[in-house]
Structure formats: structure tokens, C-alpha cells
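# Examination of the molecular architecture
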Amino acid sequence: MHGYEMIQEIGERSGGAWKPSPGSVYPTLQLLEDEGLITSESEGGKKLFTLTDAGRTEAESGAEAPWEDAGRGVDWEAMHEIRQAGFGLMEAFGQVWKTGSADQRQKALGVINDARKKLYLILADED
């Protein structure tokens, strides 16, 4: 698989709960190659990675795949609601930023900053 394909595959296997960044995947692949657990070859300008025999043995003897746990216990309905609320907030903010006056933009920025502070206060159990 190519690195990008691995990122997509992990995202799918975790049900969207975990999608590693290229900044974490590619250094890890390089480390695994340095340790002889995978090999790479160029294919169309991209690197194709394959487990070595030692890598397959290591993978089979290891713990459960990390993406197995990533999606467990996630309330997908609540996650969807949170995402929709966040997207709605950013859409409204973007509209004010694009079409509002300088004063309206500053007010909108204040609302966003206040909301961020209030969210952290929720974690601190403060009102």
C-alpha cells in the first residue's frame, strides 16, 4: 500500500474515529523500513510499502490493531451533532467575515473567543 492509502484505510477501519496525519505516518514507515519490517519500492512516483517476513511475524505477534479500539465507545450520533454544530458556527462566522463591516467582524471574533473560553470553563466545572 502507499502511505496515503494506509491513512485512508485506517480511517475506514476505525469508522472515522482515527485518521493519522501524514506527519505521523511517513516517519513511522521510514522507521519500520530502517528496522527491516517493511520494504518500499517506487511505483508511479509514489512509494509502495510491503511487509517483510520479519514484519509479518511482528504484526501477528503484536497486540490488537490500534484502530480496533479507536471507534469503540464512540457515540456516533453525538459526534455527528457536534460536527454539525461546529460546521454551522464556522459557516456563520465565515459569512460575517466575508460580508460584514469591520465592527461586525470584531463582534463575531469576540463571540468565537467567548465560546472557546466557555467551553474550557465547562471542563473546569465552572460557570
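Residues numbered from 1 in each chain as written. Predicted model: local features only at pLDDT ≥ 70, side-chain atom pairs only at ≥ 80, totals over all residues. Heavy atoms only, no water.

## Some thoughts on the pattern of salt bridges
All told, the structure shown has two salt bridges when counted by the stated rule. Residue R13 is joined to E9 by a salt bridge in which the shortest nitrogen-to-oxygen separation is 2.8 Å. Of this pair, R13 and E9 both sit in helix α1 (residues 3-13), four residues apart, roughly one helical turn. One salt bridge connects K107 with D103, and the closest N-O pair in it is separated by 3.5 Å. (Salt bridge = Lys/Arg side-chain N within 4 Å of Asp/Glu carboxyl O. Helix = DSSP H or I, 4+ residues; strand = E, 2+ residues; numbered from the N terminus.)

## What about the nonpolar core?
M6, I7, V25, L29, I38 and F49 form the largest nonpolar core, which has six residues in total. Of all elements in the fold, only α1 and α2 (22-34) reach the threshold of two or more residues within this core. Contact partners of V25, with chain neighbours within four places excluded, come to G3, I7 and P20. (Core = buried A, V, L, I, M, F, W, Y, C linked by side-chain atoms within 4.5 Å. Buried < 20%, exposed > 50% of the residue type's maximum accessible area, 1.4 Å probe, protein only. Contact = heavy atoms within 4.5 Å.)

## Focus: the packing of aromatic side chains
Here the structure, examined in full by the defined rule, presents one aromatic pair. A centroid spacing of 5.6 Å and a plane angle of 25 degrees characterise the contact between F93 and W97, whose relative ring orientation is stacked. In this pair, F93 and W97 are both assigned in helix α5 (residues 76-99), four residues apart and thus about one turn of the helix distant. For W97, a relative accessible area of 36% corresponds to the partly exposed category. If you follow R105 out to its NZ or CZ, it ends over the ring of W97, 5.4 Å from the centre. (Phe/Tyr/Trp six-rings, centres within 6.5 Å; stacked < 30°, edge-to-face > 60°. Lys NZ or Arg CZ within 6 Å of the ring centre and 35° of its normal.)

## Some points on the packing of α5 against helix α6 (residues 102-123)
Where α5 contacts α6, the axes come no closer than 8 Å and their chain directions differ by 160 degrees. Looking at the two axes, α5 sits roughly antiparallel to α6. Crossing handedness for the pair α5 and α6: left-handed. Contacts between α5 and α6 involve L89, F93, V96, W97 and K98 from the former and Q104, R105, A108, L109 and I112 from the latter. (Axes fitted to C-alpha atoms, helices over the stretch in contact; angles between N-to-C directions. Parallel < 35°, antiparallel > 145°, perpendicular 65-115°, else oblique. Left-handed = near helix turned anticlockwise from the far one by under 90°.)

## So, the environment of G16
Along the chain, G16 falls in the loop between α1 and α2. In this structure, the C-alpha to C-alpha distance between G16 and E43, residues 27 residues apart in sequence, is 28 Å. In contact with G16, not counting residues within four places along its chain, are G11, W76 and R83.

## Observations concerning the pairing of strand β2 (residues 46-51)
Relative to β2, strand β1 (residues 38-43) is paired through six bridges, and the arrangement is antiparallel. Bridge pairing in β2 links T39 to T50. Where β1 hands over to β2, the hairpin turn is made up of two residues, of which G44 adopts a positive phi near 60 degrees. (Pairing = 2+ DSSP bridges.)

## Observations concerning the confidence of the model for the protein chain
Model confidence for the protein chain is summarised by a mean pLDDT of 88, while 94% of its residues fall at 70 or above. Within the protein chain, α6 carries the highest mean pLDDT (94), whereas helix α4 (residues 66-70) carries the lowest (67). (pLDDT = per-residue confidence, 0-100.)

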